[in-house]
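Structural overview for review
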Amino acid sequence: MATTYHVRKVAKGRWGITAAHSGWVTPIGNYPKRSAAITVAKLLAGWRCSVVVHSS
């Protein structure tokens, strides 16, 4: 089963990345810009995993 990386707004001006795999949710990190968080999530996901960006 592949991991899904979620990008969501966690605070004003902060975007967080979490990884969900088989019922486990692991926080990866927080970033000041949405585009930076999406880029990091895509790099971590590679071609086997998926990235879900939640709107603010």
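The sections below set out a description of the structure shown in this document.

Cut-offs applied
- Residues numbered from 1 in each chain as written.
- Predicted model: local features only at pLDDT ≥ 70, side-chain atom pairs only at ≥ 80, totals over all residues.
- Heavy atoms only, no water.
- Pairing = 2+ DSSP bridges.
- Helix = DSSP H or I, 4+ residues; strand = E, 2+ residues; numbered from the N terminus.
- Axes fitted to C-alpha atoms, helices over the stretch in contact; angles between N-to-C directions.
- Core = buried A, V, L, I, M, F, W, Y, C linked by side-chain atoms within 4.5 Å.
- Buried < 20%, exposed > 50% of the residue type's maximum accessible area, 1.4 Å probe, protein only.
- Contact = heavy atoms within 4.5 Å.

So, about the sheet that holds strand β1 (residues 4–11). Spatial strand order, β3-β2-β1-β4: 4 strands in an open sheet with mixed pairing. Of all strands in the sheet, those with a lone pairing partner are β3 (24–31) and β4 (50–53), marking the two edges. Across the sheet, the mean angle separating the axes of adjacent strands is 25 degrees when strand polarity is ignored. Taken together, the 7 bridges between β1 and strand β2 (residues 14–21) define a ladder with antiparallel strand orientation. Pairing of arginine 8 across the sheet is with glycine 16, part of β2.

What follows concerns the nonpolar core. With 9 residues, the main nonpolar core is built from Tyr5, Val7, Trp15, Ile17, Ala19, Ala37, Ile38, Ala41 and Ala45. Secondary-structure elements contributing two or more residues to this core are β1, β2 and α1 (34–45). It is α1 that contributes the most residues to this core, 4 residues altogether. Valine 7 has contacts with Trp15, Gly16, Ile17, Ala37, Ile38, Ala41, Val51, Val52, Val53 and His54, leaving out every residue within four places of it along the chain.

Everything listed here is a matter of geometry and, on its own, says nothing about what the molecule does.
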